[in-house]
Amino acid sequence: MTDASVFNLTLEGMADIGTYITFGGFQGLRKALAIPITNSLDMLMDSGLRGRGGAAFPTGVKIKAVRENESLSKYIVCNADEGEPGTFKDRYLIKKNPFLLLEGMIIAAYLAGANKGYIYVRHEYPEAQQSLKASIETAEKEGFLGKNILDSGFDLTLEIFSGAGSYLCGEETAMLSSIEGKKGRPRLKPPYPTTSGLWGKPTLINNVETLCNIPRILQNGPVWYHSFGTEYSRGTKLISLSGDVNHRGVFEVPYGTTFREIIEHYGGGIKDGKNIKAVNIGGASGVLVPPSRLNVALDYKACREEGITIGSGAIFVLDETRSIIENVQNRVEFFLHESCGKCTPCREGLRQSNFIIDKVLAGKATVEDIDTLDRYTRTMQRAAFCGLGMAAGNSLSSSLEYYREEYLSYSQEGEEDVQEVVG
């Protein structure tokens, strides 16, 4: 297999604007300012770029929706909250290549018709915030931000907004409420942010990784972008790889690569020669899959057919010594702590699920308890108010599907029921 490169992760010194320009920085912006906006939008649409924050919505479609709104006041917001446990790719991009993000935001704002933007960064990322602040000041001095950017007549000001550490503010409407000074709770949709977003105005919201794809697509064209990935999933994906692998970190992986190849090629295999017990794909809100499912390709169509959520691109590997139930409880407790409490399925579903898992680990649960746990989980997935609430039960649900015998082994009827399942 070959390694793909859209982000040039291996290059050093890209936080310096001179180095960034030397390696082609702002060429995408210059091209966007020089050609008709419709041409640039067509390039993004043709590229097949999808949102990299988890929803995978077509980026060009979203930008076009904001542009076509007749409102004279529009905003652009970069979601750099990155609250998904196990995900650290956006922080890496901001620290290593902040001007790539800024260029992507400038192009997107220009195409959408927005003149004011915010970068929503969680407060746990002080170094990233400092890097962005310095980069914004430098970009303004060099004429890439502010008034009359590169003598184009286009104005854009960007401001950093420090989040207070709420996982829920990673949901786009909750993030908008946070910026407005309100409680970070999800809003009812529709209307969608592209129609009524920040302060009721059309707002373009994109993830850091998504925006960082835009300059290279404008610079090199959609045909070049199609040289990476698959028919259904164009380009590359940044993977936050952690857990029981020899090499942890951020890796740029072309779509179409199997999860097994990611673990073996990029992660260097399992530490200490142990075997894989499970792999969590998509972060805490993702799914737990057994080794038999690792030959599935990193591809939206393939993963959807197999019930795997790519999400933000976090992959956490568990070796054979790990407890599935303890791992799942860690995630349930996280979501219980982070739930806004607005809707009953999420608030009470997580509370009761955690109570039952406590009983399981204490050896006091019955098979009926485990069936109830399954029912609570599916209720959360189907009835929670927001997408984050719906996803809160994914790891629990998948663990019950693939590792039910481990739950049963803890139950009061344990050995007998495990034999029935195996038989």
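Residues numbered from 1 in each chain as written. Predicted model: local features only at pLDDT ≥ 70, side-chain atom pairs only at ≥ 80, totals over all residues. Heavy atoms only, no water.

(A) Geometry of the overall build of the protein chain. The helix and strand inventory of the protein chain stands at 19 helices and 9 strands. Relative to its length of 423 residues, the protein chain is compact, with a C-alpha radius of gyration of 22 Å against a globular reference of 22 Å. Along the longest, intermediate and shortest principal axes, the C-alpha atoms of the protein chain span 75 × 45 × 35 Å. Taking all 423 residues of the protein chain together, 55% fall into the buried category. Counting only contacts in the protein chain whose residues sit at least 6 apart along the sequence, the fraction spanning at least 24 positions is 72%. When the accessible area of the protein chain is evaluated, it comes to approximately 17400 Å², of which 48% is carbon and sulfur surface. Seen as two clouds, the 45 positive and the 52 negative side-chain charges of the protein chain have centres 6 Å apart. (Helix = DSSP H or I, 4+ residues; strand = E, 2+ residues; numbered from the N terminus. Rg over C-alpha atoms; globule rule 2.2 N^0.38 Å. Buried < 20%, exposed > 50% of the residue type's maximum accessible area, 1.4 Å probe, protein only. Contact = heavy atoms within 4.5 Å. Areas by Shrake-Rupley, 256 points an atom, 1.4 Å probe, with all protein chains shown as cover. Lys, Arg positive; Asp, Glu negative; His and termini not counted. Charge placed at Lys NZ, Arg CZ, Asp CG, Glu CD.)

(B) Helix α8 (residues 172–179), seen in detail. Among the 8 residues in α8, 7 count as buried, and that is most of the element. Of all the residues in α8, the buried ones are Thr-173, Ala-174, Met-175, Leu-176, Ser-177, Ser-178 and Ile-179. The inward-facing, buried residues of α8 contact β1 (75–80), β2 (116–122), β3 (157–163) and β4 (203–207). Where α8 terminates, the next one or two residues include Gly-181, which has phi positive at roughly 90°.

(C) Focus on the sheet that holds β2. Spatially, the 4 strands line up as an open sheet ordered β3-β2-β1-β4, and their pairing is parallel. If you trace the sheet from one side to the other, it starts and ends with β3 and β4, each paired once. Mean inter-strand twist for the sheet, computed between neighbouring axes without regard to direction, equals 20°. Packed on one face of the sheet, helix α6 (residues 98–112) meets β1, β2, β3 and β4 and runs near 150° to β1. (Pairing = 2+ DSSP bridges. Axes fitted to C-alpha atoms, helices over the stretch in contact; angles between N-to-C directions.)

(D) Main features of the packing of aromatic side chains. Using the criterion set out here, one finds 14 aromatic pairs in the structure. Centroid distance Tyr-20 to Phe-26: 5.3 Å. Interplanar angle 90°. Geometry classified as edge-to-face. When sorted by exposure, Tyr-20 lands in the same class as Phe-26, which is buried. Relative to Phe-161, the ring of Tyr-120 lies with its centre 5.4 Å away and its plane at 15°, an arrangement referred to as stacked. Of the two residues, Tyr-120 sits in strand β2 while Phe-161 sits in strand β3, which places them 41 residues apart along the sequence. Ring pairing ties together the aromatic residues Tyr-20, Phe-26, Phe-99 and Phe-144, which thus form one cluster. Geometry around Tyr-118 places Lys-116 over its ring, the cationic atom sitting 5.1 Å from the centre. Positioned above the aromatic ring of Phe-385 is the side chain of Lys-342, whose terminal nitrogen or guanidinium carbon lies 4.3 Å from the ring centre. (Phe/Tyr/Trp six-rings, centres within 6.5 Å; stacked < 30°, edge-to-face > 60°. Lys NZ or Arg CZ within 6 Å of the ring centre and 35° of its normal.)

(E) Main features of the pairing of β2. By the criterion of burial, β2 is predominantly enclosed, with 6 of the 7 residues buried. Pairing between β1 and β2: 6 bridges, direction parallel. Bridging from a neighbouring strand, Cys-78 pairs with Ile-119 of β2. Taking the sense of rotation as the criterion, the β-α-β connection linking β2, helix α7 (residues 126–141) and β3 turns out right-handed. (Right-handed = clockwise from strand over helix to strand, strands pointing away.)

(F) How the structure looks around the packing of α6 against α7. The interhelical angle for the contact between α6 and α7, taken along N-to-C directions, is 60°, at an axis separation of 10 Å. Put simply, α6 runs oblique to α7. The two elements α6 and α7 cross, and the hand of that crossing is right-handed. The segment α6 lies against α7, with Pro-98, Phe-99, Leu-101 and Leu-102 engaging Ser-131, Leu-132, Ser-135, Ile-136, Thr-138 and Ala-139. Looking at the contact of α6 with α7, its residues break down into 7 nonpolar, 3 polar and no charged. (Parallel < 35°, antiparallel > 145°, perpendicular 65-115°, else oblique. Left-handed = near helix turned anticlockwise from the far one by under 90°. Nonpolar A, V, L, I, M, F, W, Y, C, P; charged D, E, K, R; others polar.)

(G) A look at the side chain of Glu-84. Its place among the elements puts Glu-84 in the loop between β1 and α5 (89–96). For the buried Glu-84, which has no salt bridge, the nearest side chain bearing the opposite charge is Arg-331, at an N-O separation of 6.2 Å. If sequence neighbours within four positions are ignored, Glu-84 has contacts with Tyr-167, Gly-282, Gly-283, Ala-284, Ser-285 and Ser-312. (Salt bridge = Lys/Arg side-chain N within 4 Å of Asp/Glu carboxyl O.)

(H) The confidence of the model for the protein chain, seen in detail. Taken as a whole, the protein chain shows an average pLDDT of 93; of its residues, 97% reach a score of 70 or greater. Contacts from residues 417–423, a stretch scored under 50 in pLDDT, to residues over four places away or in other chains number 6 contacts. (pLDDT = per-residue confidence, 0-100.)

(I) The arrangement of the environment of Lys-74 in detail. Within the secondary structure, Lys-74 sits in the loop between α4 (59–67) and β1. Sequence spacing of Lys-74 and Lys-201 is 127 residues, and the spatial spacing of their C-alpha atoms is 5.8 Å. When neighbours within four sequence positions are excluded, Lys-74 is seen to be in contact with Val-66, Arg-67, Asn-69, Ala-112, Gly-113, Ala-114, Asn-115, Lys-116 and Pro-202. Polar side-chain contacts of Lys-74 include one of 2.9 Å to the backbone oxygen of Asn-69. (Polar contact = N/O pair within 3.5 Å; in protein donor to acceptor, adjacent residues only side chain to side chain.)

(J) Main features of the pairing of strand β6 (residues 249–254). Burial analysis of β6 places 6 of its 6 residues in the buried class, the great majority of the element. Two successive antiparallel strands, strand β5 (residues 236–243) and β6, enclose a turn made up of 5 residues.

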